[in-house]
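Residue-level structure breakdown
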Amino acid sequence: AALGIRVRPIAELDVVDDALIAGAAVVARGAGAQLDGRRRSAELARVLSELRRIKDAWEIAELRSAVANTIDGFVEVRREIPRAIERGGERWLQGTFDRHARTVGQAPGYATIVGSGAHAPILHWVRADGEIDPEALLLLDMGVENRSGYTADVTRTVPASGRFSDVQRQVHDLVERSHRAGLAAVQPGKPWADFHAASMEVLAQGLSDWGVLPVSVDEALSETGQQHRRFIVCGVGHHLGLDVHDCDASSYEAYLGGTIEPGMSLTVEPGLYFHAWDETIPPELRGIGVRLEDDLIVTETGTEVLSDGLPIDAAGIERWMAETA
Ligand code: GLY
Ligand code: MN
Ligand code: MN
């Protein structure tokens, strides 16, 4: 009724034999079961996916509001850290965000990731069944999905104690530099792959400066090198919208091999993930995981960072931790 769409009972649905169906989840159960068994069309899925690449003003407003709701959720979670340290651990913080998301929006847009200490480097720690180590970093990757279905996807890595240790700050500073390089490389008209490359270049150089890369920066950045990817096994960003990984069925040409265009909505999210078991790295780095993830809208002239209400620098995060306690 809200959209003025004429509807009829599902029993009257008459689907022609050669109807093309995109997707799987909605057709397998409930009223959609009538469509089950129909031929899935990768082509239809691709076209629908590519139609979602450019967001209109209404969609952008929804994303802006989902991000604002998410930032409120970060504050709610931050306030619960002392209690979670005492009792409840990662489960309590995950539950705190999920309750917030259910209350102000529809739900979390994806399984809320809460990783303390050695769980932070694990992509993606949705089990969230550990304790909160008061001396360790706490990786929070959380997004409210609004009732319209549009979701945010934001990550901050905070020191549970409120203060970064020297080595935690060192890792966070490098991820921040990589993040800033990535943000700067998102520009209308530029290749999509540029921000990924810009972020990776900073990480490879930083890892080399620390003596952690077994090869030169040039070799690591070459196609057959990629040794720095040991510490970041995922990409640096993705389309964002109705799905957290929106537009996923797009062709290579329209997505990874495409161009950044005004109206696109995406994340930038470099990170460094040093596993507790990794004996190839200095002991002080083991068990540290840091990700910074912001949500952006591409404008005619540049970008708008929707999630800049949360700081990205270590000093700013310490201040935010103190102010929101
Ligand atoms: N929260 C999942 C992702 O960052 O892609
Ligand atoms: Mn993401
Ligand atoms: Mn995320």
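Below: a short report on this structure.

1. Looking at the sheet that holds strand 9 (residues 294-298)
- If you trace the three strands from one edge of the open sheet to the other, you get 6-9-10, paired in antiparallel fashion. The two strands at the open ends of the sheet, each matched to only one other strand, are strand 6 (265-268) and strand 10 (303-305). Strand after strand, the sheet turns through a mean of 35° between neighbouring axes, direction not considered.
- In this structure, strand 9 lies alongside strand 10, joined through three bridges in antiparallel fashion.

2. Considerations on the nonpolar core
- Of all hydrophobic cores here, the largest spans 80 residues; its most connected members are Phe195 and Leu272.
- Looking at which element gives the most residues to this core, the answer is helix 2 (residues 57-79), with eight residues.
- What Phe195 contacts, discounting residues up to four positions off in sequence, is Gly182, Ala185, Val186, Val236, Gly237, Ile260, Leu266, Thr267 and Val268.

3. Details of the side chain of His179
- Note that His179 resides in helix 5 (residues 166-185).
- Reaching out from His179, the side chain makes a polar contact with the side chain of Asp294 at a distance of 2.8 Å.
- Residues in contact with His179, not counting those within four places in the same chain, are Val268, Pro270, Leu292, Glu293, Asp294 and Ile312.

4. Digging into the site of ligand 1
- The local shell around ligand 1 consists of Tyr110, His124, Asp141, Asp153, His238, His245, Glu269 and Glu293.
- Contact between ligand 1 and Asp153: a nitrogen atom at 3.1 Å from a side-chain N or O atom of the residue.
- Residue His238 places a side-chain N or O atom 3.1 Å away from an oxygen atom belonging to ligand 1.
- If ligand 1 stood free it would expose 200 Å²; the protein chains cover 95% of that surface.

5. Observations concerning a nonpolar patch on the surface
- A contiguous nonpolar patch, built from Leu3, Ile5 and Val7 and spanning about 370 Å² of accessible area, is present on the exposed surface.
- Within the element layout of this structure, Leu3 appears in the segment before helix 1 (42-51).

6. Side note on the pattern of salt bridges
- By the definition in use, this model includes 15 salt bridges.
- Between Arg180 and Glu176 there is a salt bridge, with the nearest N and O atoms lying 2.8 Å from each other. Here Arg180 and its partner Glu176 are both found in helix 5, four residues apart, which amounts to about one turn of the helix.
- Judged by relative accessible area, which is 12%, Glu176 ranks as buried.
- A salt bridge links Arg230 to Asp278; the nearest nitrogen and oxygen atoms lie 3.0 Å apart. Here Arg230, found in the loop between helix 7 (217-221) and strand 6, pairs with Asp278, found in the loop between strand 7 (271-274) and strand 8 (288-291); they are 48 residues apart in sequence, far enough to count as distant.
- Take Asp278: its relative accessible area is 3%, and that puts it in the buried class.
- Because the salt bridges share partners, they merge into one network encompassing Arg52, Lys55, Asp243 and Asp246.

7. Side note on helix 6 (residues 193-209)
- Taking 1.5 Å per residue as the helical rise, helix 6 with its 17 residues ought to reach 24 Å, and the 25 Å between its terminal C-alpha atoms agrees with that figure.
- The complete set of buried residues in helix 6 reads Phe195, Ala198, Ser199, Met200, Val202, Leu203, Ala204, Gly206 and Leu207.
- On its buried face, helix 6 sits against helix 5, helix 7, strand 6 and strand 7.
- Two residues or fewer past helix 6, Gly211 is found with a positive phi of approximately 75°.

8. Some details on the coordination of the manganese ion (ligand 2)
- Protein coordination at the manganese ion (ligand 2): the donors are Asp153 (OD), His238 (NE2), Glu269 (OE) and Glu293 (OE), at 2.0 to 2.2 Å from the metal.
- Counting along the primary sequence, the residues that act as donors to the manganese ion (ligand 2) give the motif D-x84-H-x30-E-x23-E.
- A separation of 3.3 Å is found between the manganese ion (ligand 2) and the manganese ion (ligand 3), both of which receive a donor from Asp153. Of the two residues, Glu269 is situated in the loop between strand 6 and strand 7 and Glu293 in the loop between strand 8 and strand 9; the sequence distance between them amounts to 24 residues.
- Among the residues examined, Glu269 registers a relative accessible area of 7% and is labelled buried.
- Using a relative accessible area of 0% as the deciding quantity, one classes Glu293 as buried.

What counts, and where the lines are drawn
Residues numbered from 1 in each chain as written. Chains lettered and ligands numbered in written order. Predicted model: local features only at pLDDT ≥ 70, side-chain atom pairs only at ≥ 80, totals over all residues. Heavy atoms only, no water. Pairing = 2+ DSSP bridges. Helix = DSSP H or I, 4+ residues; strand = E, 2+ residues; numbered from the N terminus. Axes fitted to C-alpha atoms, helices over the stretch in contact; angles between N-to-C directions. Core = buried A, V, L, I, M, F, W, Y, C linked by side-chain atoms within 4.5 Å. Buried < 20%, exposed > 50% of the residue type's maximum accessible area, 1.4 Å probe, protein only. Contact = heavy atoms within 4.5 Å. Polar contact = N/O pair within 3.5 Å; in protein donor to acceptor, adjacent residues only side chain to side chain. Near = heavy atom within 4 Å. Areas by Shrake-Rupley, 256 points an atom, 1.4 Å probe, with all protein chains shown as cover. Patch = residues over 30% accessible without salt bridge, like charges linked within 9 Å, V, L, I, M, F, W, Y side chains within 5 Å. Salt bridge = Lys/Arg side-chain N within 4 Å of Asp/Glu carboxyl O. Expected span 1.5 Å × (residues − 1). Donors = N, O, S within 2.8 Å, 3.2 Å for Na, K, Ca; no water.

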